[in-house]
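# Structural overview for review
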Amino acid sequence: RIALERQNVARPKSLGMQVDPYSFAFERARHKAEECNRIRDEADKARREAEAECTRLQLELSELQKQVPAESGAVVVNMKEALTAVLSNMESSGNVKPEYIEESKSIMDTLVSGIDRIAAL
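Residues numbered from 1 in each chain as written. Predicted model: local features only at pLDDT ≥ 70, side-chain atom pairs only at ≥ 80, totals over all residues. Heavy atoms only, no water.

### Some points on the overall build of the protein chain
For clarity, the cut-off: Only DSSP runs of H or I with at least four residues qualify as helices, and only runs of E with at least two residues qualify as strands; both kinds are numbered from the N terminus onward. Exposure was quantified through the Shrake-Rupley algorithm and a 1.4 Å probe, taking into account, for residues, occlusion by the shown protein chains and nothing else.
A tally of helices and strands in the protein chain yields four helices and zero strands. Its helices and strands in sequence order give the protein chain the pattern α-α-α-α, from N to C terminus. Total accessible area on the protein chain stands at roughly 10500 Å², and carbon and sulfur atoms take up 60% of it.

### Re the pattern of salt bridges
The test is simple: One speaks of a salt bridge when a side-chain nitrogen belonging to Lys or Arg is within 4 Å of a carboxyl oxygen belonging to Asp or Glu. Relative accessibility decides the category of a residue: with a 1.4 Å probe and only protein chains considered, values under 20% of the type maximum give buried, values over 50% give exposed, and everything between is partly exposed.
Applying the stated rule across the entire model yields 11 salt bridges. Residues Glu35 and Arg38 are paired through a salt bridge, measuring 2.4 Å at the closest nitrogen-oxygen approach. On the criterion of helical spacing, the pair formed by Glu35 and Arg38 is a turn pair, its members being three residues apart in helix α2 (residues 15–67). Among the residues examined, Glu35 registers a relative accessible area of 35% and is labelled partly exposed. Arg38 sits in the partly exposed class, given a relative accessible area of 37%.

### A word on the side chain of Ser104
This is how the line gets drawn: The contact criterion used is simple: two residues touch if any of their non-hydrogen atoms lie within 4.5 Å.
If you trace the backbone, Ser104 turns up in helix α4 (residues 98–120). By relative accessible area, which is 17% here, Ser104 ends up buried. What Ser104 contacts, discounting residues up to four positions off in sequence, is Leu87 and Met90.

### So, the nonpolar core
Heads up, the condition is: We call a set of buried Ala, Val, Leu, Ile, Met, Phe, Trp, Tyr and Cys residues a nonpolar core when their side-chain atoms join them within 4.5 Å.
Listed in full, the five residues of the largest apolar core are Leu83, Leu87, Met90, Ile101 and Met108. Taken together, the elements giving at least two residues each to this core come down to α3 (72–93) and α4. Of the residues forming this core, the biggest block, three residues, is contributed by α3. Excluding residues within four positions of it along the chain, Met108 makes contact with Leu83, Val86 and Leu87.

### Some points on α4
As a reminder of what qualifies: Expected span of a helix, by definition, is 1.5 Å for each gap between consecutive residues, and there is one gap fewer than residues.
In this model, α4 (23 residues) spans 33 Å end to end at C-alpha, consistent with the 33 Å of a helix rising 1.5 Å per residue. Within the sequence span of α4, burial applies to Ile101, Ser104, Met108, Gly114 and Ile115.

### Some words on the confidence of the model for the protein chain
Predicted coordinates in areas of low pLDDT are best not read in detail. To keep it simple, the criterion reads: A residue's pLDDT is simply how confident the predictor is in it, with values from 0 to 100.
Per-residue pLDDT for the protein chain averages 81, and the proportion of residues at 70 or more is 81%. Averaged pLDDT values over the elements of the protein chain bottom out at 66 in helix α1 (residues 2–10) and peak at 89 in α2.

Encoded structure:
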């Protein structure tokens, strides 16, 4: 009996027994590659969708920015400051009659009010 067992141990494995581990490893690797391809395809699709969304939002933002004057607020502030400075110079010079100063104040108030209404549009 011991001699028979020694022959079984010493005898090489059958070809089928040698192939099986490789077949199993190949199937595992093939499944892993398929899963990686599926994940890659999903990631590519998500990337394309995100890029399309970025493009769409960029176009919408561009259209909105065209509707809003870029420096309208700064222009209004600068105009008000300039008008105030002119009126202040008129008052401090002493060369302008008081009635002209009052008339200028009224005109400037009307102008500033109109500028504020236009800027609010």
